[in-house]
Amino acid sequence: MRRIPPLLAIIVPLLVMALAAPARAGGWAITSMDPVPAGIRPGTTYTLGFWLLQHGTHPYDGTDLGEVGLRFTDGKKTLMFPGVPLKEPAHYAAAVSLPAGTWQVEGVQGWFSPYKVGTLAVPGNLTLAPVPEDLRRAIAAQAPQDHWGEIRPPGIPRGDAVPLPDTSRPAAASPAPAAKALDGVTTVAVVEPDFRWRTPHTLVALLGLAALTVVAYRLRRR
């Protein structure tokens, strides 16, 4: 039993570091939507554009980001629609089709934490959530730099001012597509449980905890 405290002194800090790693500098992003059609109808396919902005202002500057898309949850089920990269950096599109209901919308941001986009009523419109205050402060504290060309995220103007994506604007900024143009178009949604224990850091932590349990059990048997 006298061996356990030294083992804890080694393993516990490693677990804490693994679990805390996603919160390190650079470890957050937001999802900013392109204008969304007004009057979203059930069972109809729409293509929604969105931007994944590291630090709220620029494209992801690393590699192996992971899965990107839009996730819709109504309290009973979750629908995940993968994002397809567009020509512009950080710009994606997802084809979505939803049944009637009230859906919480999240941006799935690879290894970044999911971002709460807002609430979508079907039939109805998307109501965007404001950028959280702590993230607004972090965005405002950044040095001015324009990362974009002619095509850029909504609310980010040209110039040297630190931009803030306009995620709190009314979402119904463009007319609904004609029903005739959408007839016969279907989208296959990937249904998945709302399961968050998927990051590499969490896996390392779980493996470390399992190893600690095995060692402690063996020492108790001696």
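Residues numbered from 1 in each chain as written. Predicted model: local features only at pLDDT ≥ 70, side-chain atom pairs only at ≥ 80, totals over all residues. Heavy atoms only, no water.

Structural notes on the overall build of the chain
Logical step 1: A tally of helices and strands in the chain yields four helices and twelve strands.
Logical step 2: Pairs at least 24 apart in sequence give 64% of the contacts found in the chain among residues at least 6 apart.
Logical step 3: When the accessible area of the chain is evaluated, it comes to approximately 12600 Å², of which 62% is carbon and sulfur surface. (Helix = DSSP H or I, 4+ residues; strand = E, 2+ residues; numbered from the N terminus. Contact = heavy atoms within 4.5 Å. Areas by Shrake-Rupley, 256 points an atom, 1.4 Å probe, with all protein chains shown as cover.)

Concerning the packing of aromatic side chains
Logical step 1: One pass over the structure, following the stated rule, counts six aromatic pairs.
Logical step 2: Centroid distance Tyr-60 to Phe-112: 5.5 Å. Interplanar angle 85 degrees. Geometry classified as edge-to-face. With Tyr-60 in the loop between β3 (46-54) and β4 (68-73) and Phe-112 in the loop between β8 (101-109) and β9 (115-122), this pair connects stretches of sequence that are 52 residues apart.
Logical step 3: Accessibility expressed as a relative area gives 3% for Phe-112, which makes it buried.
Logical step 4: Among the aromatic side chains, those forming a connected cluster through ring pairs are Tyr-60, Trp-111 and Phe-112. (Phe/Tyr/Trp six-rings, centres within 6.5 Å; stacked < 30°, edge-to-face > 60°. Buried < 20%, exposed > 50% of the residue type's maximum accessible area, 1.4 Å probe, protein only.)

Section: the sheet that holds strand β7 (residues 91-96)
Logical step 1: If you walk across this open sheet you meet the four strands as β1-β3-β7-β6, and the pairing is antiparallel. Of all strands in the sheet, those with a lone pairing partner are β1 (29-33) and β6 (84-85), marking the two edges.
Logical step 2: In terms of strand pairing, β3 meets β7 through six bridges, oriented antiparallel. Bridge pairing in β7 places Gly-49 opposite Ala-93. (Pairing = 2+ DSSP bridges.)

So, the environment of Leu-128
Logical step 1: Structurally, Leu-128 can be placed in strand β10 (residues 126-128).
Logical step 2: Since its relative accessible area comes to 12%, Leu-128 is described here as buried.
Logical step 3: A C-alpha to C-alpha distance of 8.7 Å links Leu-128 and Met-33, two positions 95 residues apart in sequence.

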